[in-house]
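Each chain, letter by letter, is given below.
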Amino acid sequence: MTLLLMAAGSGSRYGKLKQFDDLGPKGEFLMEFAMYDAIKNNFEQIVVITKAENVTFLEEHLSTRLPKHVQLNVLAQELTDLPDGVEFTGTRAERKKPWGTAHAVWTARNVISGPFVVINADDFYGQSAYQKAADFMSANTNAYALLGYTLKNTLSEHGSVSRGVCKVQGDDLLSVEERLKLIQKNDVIIDEDTGLEFTGEEQASMNFWVCRPSIFDKIESEFRIFLNDDERIANSELYLPITIQEMLQANEVEVKCIPSGGDWFGVTYASDKEKAMESLQNKTREGQYVSPLWN
């Protein structure tokens, strides 16, 4: 089983590269707690997708910490990484920002051969999520999955947030609808962008996905279409949740929605840092983590 961490963001709202901020009691990165939780649940490969300028740093930082039996791959998401036969010319060569989260996952196509989890490197997902994901991947099913989190527990005290709100039937995921400006007001959650109200008990996507290698062919197919549309090249991105939903709606895959059973927190804003550090310290004091994390 493989854990793929997306760590290629720029941290524009946070003020710096939050993926490499020292949040743990001994200066650990937040992503290191995800790795620890995954390895504890028998994940044997860690793949990190980052910017080219960060590859060497992360390789050196992580290789001295992770257990020797764990395979580590640190890969750069590159604008020039295109499907065979597609040239990086014209409007494609004019693009400056990355191709998107689906492309970030596609970057790992040559190093992943089995089921894998995809997460954001700057989010904390809780230990139970990795256990549930591992159990799901070990169940000999071809289904994909989304680990869901109770919406009211994913908000920030410091501003509105964007969240994917799940529509489910039983344990089947039907869709994830993106809400761009969710904020708590009194006893309801309001999307200031649309005016829609939510109770807070809904399942929210925090981008913890269980995927299969079949996703790579789908992304490449969608990427080829994308690269022939100059308007999309200029203004859009390939998003992993949208790609999975397209597969779901085309009946190409079955996707389960699994309540994570744990807590989530992120560091969207710089003011979220203190709370994140306090939470990691408390979890360490409670014995969920050792300190230092790697011995």
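Everything numeric in this text was worked out from a predicted model, so none of it was measured.

Caption draft 1: Focus on the packing of helix α6 (residues 214-226) against helix α8 (residues 240-249). Remark: α6 packs on α8, axes separated minimally by 11 Å, with the N-to-C direction vectors making an angle of 105 degrees. In terms of their interaxial angle, α6 and α8 are classed as roughly perpendicular. Residue-level inspection shows S214, I215, K218, I219 and E222 of α6 in contact with α8, the latter providing L240, T243, I244, E246 and M247.

Caption draft 2: Highlighting the state of the cysteines. Within the structure shown, the criterion is met by zero disulfides. Left without a disulfide partner, C166 is nearest to the cysteine sulfur of C257, which lies 4.5 Å away. With relative accessibility at 10%, the residue C166 sits in the buried group. There is no disulfide at C211, and the cysteine sulfur nearest it, in C257, is 14 Å away. Accessibility expressed as a relative area gives 0% for C211, which makes it buried.

Caption draft 3: Spatial organisation of the packing of aromatic side chains. Applying the stated rule across the entire model yields 14 aromatic pairs. Ring geometry for Y130 versus F208: centroids 5.3 Å apart, planes at 65 degrees, classification edge-to-face. Of this pair, Y130 sits in helix α5 (residues 127-137) while F208 sits in strand β11 (residues 203-211); the two residues are 78 residues apart in sequence, bridging distant segments of the chain. As far as burial versus exposure is concerned, Y130 and F208 are alike and both buried. Grouped by ring-pair contacts, the aromatic residues F33, Y36, F124, F265, Y289 and W294 constitute a single cluster. Over the aromatic face of W106 sits the side chain of R109, whose NZ or CZ is 3.5 Å from the ring centroid.

Caption draft 4: Focus on the nonpolar core. Of all hydrophobic cores here, the largest spans 58 residues; its most connected members are L3, L5, M35 and F208. Of the residues forming this core, the biggest block, eight residues, is contributed by helix α1 (residues 30-40). L5 has contacts with M31, A34, M35, I46, V47, V48, I49, I119 and A121, leaving out every residue within four places of it along the chain. If you look at the next biggest cluster of nonpolar residues, it comprises 37 residues, including V176, L227, L248 and V255.

Caption draft 5: Region of interest: helix α2 (residues 55-63). Within α2, burial applies to V55, L58, H61 and L62. Seen from one end, α2 has its buried residues packed into an arc of 135 degrees, which puts them on one side. Considering only its buried residues, α2 is in contact with α1, β2 (45-50) and β3 (71-76).

Caption draft 6: Up close: unusual backbone geometry. Residues S291 and P292 are joined by a peptide bond in cis, for which omega reads 0 degrees. With respect to the element layout, P292 can be found in the segment after α9 (273-285). Non-glycine residue N251 carries a positive phi angle of around 55 degrees. Along the chain, N251 falls in the loop between α8 and β12 (255-259).

Caption draft 7: Focus on the pattern of salt bridges. Taken as a whole, this structure holds 13 salt bridges when the rule is applied. In this structure, R65 engages E32 in a salt bridge whose closest nitrogen and oxygen atoms are separated by 3.9 Å. Of the two residues, R65 is situated in the loop between α2 and β3 and E32 in helix α1; the sequence distance between them amounts to 33 residues. Residue classification places R65 among the partly exposed residues on the basis of a relative accessible area of 32%. E201 is paired through a salt bridge with K152; the nearest N and O atoms lie 2.6 Å apart. Of this pair, E201 sits in the loop between β10 (197-198) and β11 while K152 sits in the loop between β6 (144-150) and β7 (161-169), and the two are 49 residues apart along the sequence. What emerges from the salt-bridge pattern is a single network uniting D171, D172, E254 and K256.

Here is what the cut-offs are and how they apply
- Residues numbered from 1 in each chain as written.
- Predicted model: local features only at pLDDT ≥ 70, side-chain atom pairs only at ≥ 80, totals over all residues.
- Heavy atoms only, no water.
- Axes fitted to C-alpha atoms, helices over the stretch in contact; angles between N-to-C directions.
- Helix = DSSP H or I, 4+ residues; strand = E, 2+ residues; numbered from the N terminus.
- Parallel < 35°, antiparallel > 145°, perpendicular 65-115°, else oblique.
- Contact = heavy atoms within 4.5 Å.
- Disulfide = S-S within 2.5 Å.
- Buried < 20%, exposed > 50% of the residue type's maximum accessible area, 1.4 Å probe, protein only.
- Phe/Tyr/Trp six-rings, centres within 6.5 Å; stacked < 30°, edge-to-face > 60°.
- Lys NZ or Arg CZ within 6 Å of the ring centre and 35° of its normal.
- Core = buried A, V, L, I, M, F, W, Y, C linked by side-chain atoms within 4.5 Å.
- Arc of directions from axis to C-beta.
- Salt bridge = Lys/Arg side-chain N within 4 Å of Asp/Glu carboxyl O.

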